[in-house]
Amino acid sequence: MPSVEPVAPAVGGGEPSAGPVDEYGEGDIAIVGMAGRYPKAANVAEFWENLKAGRDCVTEVPESRWPRDTFEGERTPSGRKMSAWGGFIDDVDRFDAEFFGIPADEAALLDPQERMFLTVCWEAIEDAGYTPAGLTASGGDGPRRAVGVFAGVMHKDYVLVQHEAARPDGRTGRGPAPLSLNAASIANRVSHFCDFSGPSMAVDTVCASSLSAVHLAVESLRRGECRAALAGGVNLSLHPGKYRTYGALELLASEAPSRSFGAGGDGYVSAEGVGAVLLKPLASALADGDAVYAVIKGSAVNHSGRTPGIRVPSVAAQTALIEDCLNRAGVDPGSLGCLEAHGTGTEIGDLIEIQALRRAFEKYTDAKRFCSLGSVKSAIGHAEAAAGISGLTKAVLQLHHRTLTPLVRLERTNPYLGLDDSPFRLQTELEEWSAAGPGTPRRAGVSAFGATGANAHIVLEEAPPVVGATAREMREGRLAPVLVPLSATDDERLRAYAAKLARFLETEEGAAADLAALAHTLRTGRVALAERAVILAYGLDELRSALDDIARGADAGAGNVWRGRRAEELRDARLLDEDDLRAELVGRWSAQGKWDKIAELWLGGYTVDWSALHDMTSPRRLHLPSYPFAGQRHWVTPRRGEGHAAERTPAATTEAMSGAPVTGVPVSSSEVLADGVPARSARVAGPVVPVPAGPARSAVPDGVPAGAAPVGVPEDGGVHWRFVPEDEELPTPSMDTARPGHTPEEKARGFLRQLVAARLGRPVREVGAHTGLIAMGLTSLGAVGLTRDLVATVDPGFLPSTLFEHGTVAELAAHLAVRRRAELSRWWPWEPGNSHAPSGPSGRKTRSRRSWWCSSACRPAPCTWTTPSRSSTQEETRSEARAQRPHRGLPGGQDQQQ
């Protein structure tokens, strides 16, 4: 997974501010980042285009979820048909497990809601122009800043999918696959991956869940529990059991559904959605040069108390909630130009909501039809746990773009609403949002009401104007070059990223971007990954052209583009490991126009203090496209002969998995389909899939004593290591065919990489010296096995806990080089083809039981003592290796682009 380090100070505000929360208002909270996925919208930009166009995003249930005839002949208690309508997100089975350092077989076990919320939270952080480490950086020697995570969630459909897939006989629930029962990990996974130490919780107030989560985040920020917070929600419909249950409760619309505030609605239309916002105190956001979407002036939650039924809403409770929120915000309801209503589309529910709104507003103003009334549910349906965040996202976008979007398909208005003599008017057309008066900011309210009485409301205000000279104004009159860095996990993702940025620059927003601010955002607001490119540009046109070249895979070297892959080991680290020295070099090279030197430094894996550049880089951040995640399929699959609900998965049926085994354990195929880049070859987690036989290779390399084959197949041209026990003589220097002069730390790195590779069942070349062992997929069982390896060779007192204190090969090697320098001298390099076999005390070639051979492993098998026959020890370690599924983690040593 990406390692993230504290951000280097940037000119004029690179570090999160420690300023007081209330400097700009009574606890005003800025929305600085936003991301989401909604029906027919893979991101917030597409969501906005759909809203502007009034696009209908509700469809019949896709066959990929469950067959259309699933409810054939079934009726609700009142005799209505079961619902066949909803808003659905594409590719809910796809996830970039490699990027997030999650083994493929584990990814198949995770609730897709957990995976999608993690992905969207990462996108929201990047959209704000930050990395996780940038959010937590203290700006000095103080403690790390706390970041909170609040996730609204109410359904766990994937448990039903897993349960059916694991049933071997169609009747019992026994099976080997663990069930994704707990919702807490949906929030906690984000905190764990990003290393956030603030409050982290899942919130379930049913349909008010995600807006309640935002309220809790706002209150946490105001109390000082955290300095930034992610808040949002997620909702997926993965199993027909939910539709059957809500149909039995008469909650879902039956025929072609009506829409918000429409006539004849007999139920709501279920929808999927996942969204998140990144929040900071407004004072801090402005001081840090953040791009603010909108400001949360106030938020409130309550419950309806006792009503005629637990699912019956209360006019009085909703009225009290809205009044409380307006009072907390210190806002006159007459200043609100837009109200994003809950608007479920049921005649009674919509009527009760309008009555509550009228009571809350008419108590303070006699003005009529001044407030636009809308609901995102008319476009996408009711996203349940994600309803609040979808409505909030719509309201924020309308404030940000100063545009009001229309309700969808409002053919006949609910006759009970009586809006003509009210403060509200239905928004039926796309129109510019005019301010209420000179100097009066645009404001909006957002409501979410839970079916069991939980209510939430938020008051928003447009972002304050940016004050001070912009980078464009400071640079006016002269043309100066700017270095723009870009990185990804591999060449394919880098090309996809370049294409994504190039498309952004073709939009109206992208064409108006400041080049220096864009470069600053990519330098300090993205984690630096292994595959890298640096572009030298004098303007946006030149940058776009270079991005197009990278996207096409054109060779670098055109004079303004440098390409490279971060070196696994920084050979000159001892020379350049001082931050002050690197900053001085960067400043000198910048003044001399030696841009290639700076580019090569970063391409090689060094952290660059970008603030040392003499390009007057703007301290402000921009909302830029986020990382283009790969779309690998991870899904639990059923045994053959199971029922229809288990057999169909959201992307393909079991039979479409290209020969993957159908078992009762999770299987994940890895077809990559993202951003138009050709798919990579698939990888399948779970049982081993047979592959075509290739040319035979000897399992016993040249130079290995007969009968003492090392475990695994050596890599051609690689250096392999053998531990020489104390009762054997060390080989003579002439037998060392590897690179001479290995230091103890270099020896430790070499044999540790091979030990880890053998434990993981992966080639040595895939074991990065700076990649976390756990991130690469080393399980607790593998950690115990690796401990045994080290105890039997260089460190008899080695403890498993040391693997967590020194979590990478490089850190562990440095530890052993200090602790066990003498023992490291007995590790000896050996290369395939070396005719000098290890010799025993008498000079004879030996097969000592204590000899320890290690080489790269091309199959899941550990290093073990070499013996003529398989011992019980070997059986034990081999079974350990089989229990570990190979996992490709991110290349190690990622630093922040700083």
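J.: So what exactly am I meant to see when it comes to the overall build of the protein chain here?
T.: Helix and strand counts for the protein chain stand at 28 helices and 23 strands. Classification of the 898 residues of the protein chain by burial places 60% in the buried group. The contacts in the protein chain between residues at least 6 apart in sequence include a share of 80% that link residues at least 24 apart. Total accessible area on the protein chain stands at roughly 34,200 Å², and carbon and sulfur atoms take up 51% of it.

J.: Help me out: how do you make sense of the pairing of strand β9 (residues 294–303) in this one?
T.: Extensive coverage of β9 is indicated by the burial of seven of its ten residues. Pairing of strand β1 (residues 29–37) with β9, which is carried by three bridges, proceeds in the antiparallel orientation. Among the inter-strand pairings, Ala30 is bridged to a residue of β9, identified as Val295. Pairing analysis gives nine bridges linking β9 to strand β16 (residues 454–462), with the strands arranged antiparallel. Across the sheet, residue Gly298 finds its bridge partner in β16, namely Val459.

J.: In this structure, what is going on with helix α6 (residues 184–194)? I would like to understand it.
T.: For the α-helix, the turn length of 3.6 residues means that residues three or four positions removed from each other point alike. Those residues of α6 that fall on the buried side of the exposure criterion are Ile186, Ala187, Arg189, Val190, Ser191, Phe193 and Cys194. Against α2 (104–109), α3 (112–127), α4 (132–136), β5 (147–152), β6 (200–203) and β7 (228–235) lie the buried residues of α6. With its phi angle positive at about 60°, Asp195 sits one or two positions after the end of α6.

J.: Can you help me understand the pairing of strand β8 (residues 273–281) in this one?
T.: On a regular strand, each side chain points to the face opposite its neighbour's, so the side chains alternate between the two faces of the sheet. Counting buried positions along β8 gives nine out of nine residues, so the element sits mostly inside the fold. Of the two faces of β8, the one carrying Gly273, Gly275, Val277, Leu279 and Pro281 and the one carrying Val274, Ala276, Leu278 and Lys280 are both buried. Sheet topology note: the β1/β8 ladder contains eight bridges and is antiparallel. When the sheet's bridge partners are listed, Gly33 is paired in β8 with Leu278.

J.: Looking at this structure, how should I read the packing of helix α1 (residues 44–53) against helix α13 (residues 387–401)?
T.: As a packed pair, α1 and α13 sit with axes 11 Å apart at the nearest point and diverge in direction by 80°. Taken together, the axes of α1 and α13 are roughly perpendicular relative to one another. Residue-level contacts link Val44, Phe47, Trp48 and Leu51 of α1 to Ser390, Thr393, Lys394, Leu397, Gln398 and His401 of α13. Of the residues that constitute the contact of α1 with α13, the class distribution is five nonpolar, four polar and one charged.

J.: Sorry, what's going on with the pattern of salt bridges here?
T.: When charged atoms on two side chains of opposite charge get close, those side chains can pair. In total, this model carries 45 salt bridges according to the counting rule given. In this structure, Arg94 and Asp91 form a salt bridge, with 3.9 Å as the shortest nitrogen-oxygen distance. For Arg94, a relative accessible area of 12% gives the class buried. The residue Lys156 makes a salt bridge to Asp111 at a minimum N-O spacing of 3.0 Å. Residue Lys156 is located in the loop between β5 and α5 (157–166), and its partner Asp111 is located in the loop between α2 and α3; the two are separated by 45 residues in the primary sequence. Among the residues examined, Asp111 registers a relative accessible area of 1% and is labelled buried. Sharing partners across several salt bridges, the network here consists of Asp491, Arg495, Glu531, Arg563 and Arg565.

About the thresholds
Residues numbered from 1 in each chain as written. Predicted model: local features only at pLDDT ≥ 70, side-chain atom pairs only at ≥ 80, totals over all residues. Heavy atoms only, no water. Helix = DSSP H or I, 4+ residues; strand = E, 2+ residues; numbered from the N terminus. Buried < 20%, exposed > 50% of the residue type's maximum accessible area, 1.4 Å probe, protein only. Contact = heavy atoms within 4.5 Å. Areas by Shrake-Rupley, 256 points an atom, 1.4 Å probe, with all protein chains shown as cover. Pairing = 2+ DSSP bridges. Axes fitted to C-alpha atoms, helices over the stretch in contact; angles between N-to-C directions. Parallel < 35°, antiparallel > 145°, perpendicular 65-115°, else oblique. Nonpolar A, V, L, I, M, F, W, Y, C, P; charged D, E, K, R; others polar. Salt bridge = Lys/Arg side-chain N within 4 Å of Asp/Glu carboxyl O.

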